[in-house]
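Architecture and fold: a report
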Amino acid sequence: VAMLICPAMFLAAIPIIHFGPNKQFYYLYECLDDATMARVVWLCGIKWTVLLTSLAAEVAFLKRMHLWTETKGIIEVVLEKRLFATMFSMGFVGTVFTSCFFVKHDGLHLFD
């Protein structure tokens, strides 16, 4: 799950932060120009496409071997048992990724 969600979170958050009006408040993006960031987003999109294609190929292979129903059942049981851990880790990644860890100390204008 994380293998598919993390690149999607990155693809959603990076353009909003980097190309948005608040770029000046982030240390991380001062050293990156628009061309470099566009290349990073492009390569991440390629990675996500490869991951989705690999997942589709794996599911097709399992269906062809008549193992998909068993595999799907195992995936459902594992996700059901670890749902909170999965949701917490994805939420934590999203929070850290877009939080004040990357914001300059004066980004919120608290010290003016």
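Here we summarise the structure given alongside this text. (Residues numbered from 1 in each chain as written. Predicted model: local features only at pLDDT ≥ 70, side-chain atom pairs only at ≥ 80, totals over all residues. Heavy atoms only, no water.)

What follows is about the side chain of threonine 86. Mapped onto the elements, threonine 86 comes out in helix α4 (residues 83–98). Once residues within four sequence positions are removed from consideration, threonine 86 is found in contact with Val1 and Leu79. (Helix = DSSP H or I, 4+ residues; strand = E, 2+ residues; numbered from the N terminus. Contact = heavy atoms within 4.5 Å.)

So, about the environment of threonine 71. Within the secondary structure, threonine 71 sits in helix α3 (residues 68–81). Judged by its relative accessible area of 23%, threonine 71 is partly exposed. Placed twelve residues apart in sequence, threonine 71 and valine 59 show a C-alpha to C-alpha distance of 9.2 Å. Within the local environment of threonine 71, its side chain forms a polar contact with the backbone oxygen of leucine 67, the two atoms lying 2.8 Å apart. (Buried < 20%, exposed > 50% of the residue type's maximum accessible area, 1.4 Å probe, protein only. Polar contact = N/O pair within 3.5 Å; in protein donor to acceptor, adjacent residues only side chain to side chain.)

Attention shifts here to helix α2 (residues 34–64). Under the 1.5 Å per step criterion, the end-to-end length of α2 is 45 Å for 31 residues, consistent within 8% with the ideal 45 Å. One or two residues past the end of α2 sits histidine 66, with phi positive at roughly 60°. (Expected span 1.5 Å × (residues − 1).)

The tally for this structure, following the rule as stated, stands at two aromatic pairs. Centroid distance phenylalanine 84 to phenylalanine 88: 6.1 Å. Interplanar angle 20°. Geometry classified as stacked. With phenylalanine 84 and phenylalanine 88 both in helix α4 and four residues apart, the pair spans about one turn of that helix. Residues phenylalanine 84 and phenylalanine 88 agree in their burial class; the two are exposed. Grouping aromatic residues by their ring pairs yields a cluster made of Phe84, Phe88 and Phe92. (Phe/Tyr/Trp six-rings, centres within 6.5 Å; stacked < 30°, edge-to-face > 60°.)

This part covers a nonpolar patch on the surface. Residues Val1, Ile5, Ile75 and Leu79 make up a contiguous nonpolar surface patch of about 290 Å² in total accessible area. A residue is classified by how much of its surface remains accessible, and valine 1, at 48% relative accessible area, is partly exposed. (Patch = residues over 30% accessible without salt bridge, like charges linked within 9 Å, V, L, I, M, F, W, Y side chains within 5 Å. Areas by Shrake-Rupley, 256 points an atom, 1.4 Å probe, with all protein chains shown as cover. Salt bridge = Lys/Arg side-chain N within 4 Å of Asp/Glu carboxyl O.)

This part takes up unusual backbone geometry. The backbone of histidine 66 shows a phi angle near 60°, a positive value even though the residue is not glycine. By the secondary structure assignment, histidine 66 is in the loop between α2 and α3. With a relative accessible area of 67%, histidine 66 lands in the exposed category.

Treat this as a map of the structure, not an account of what it does.
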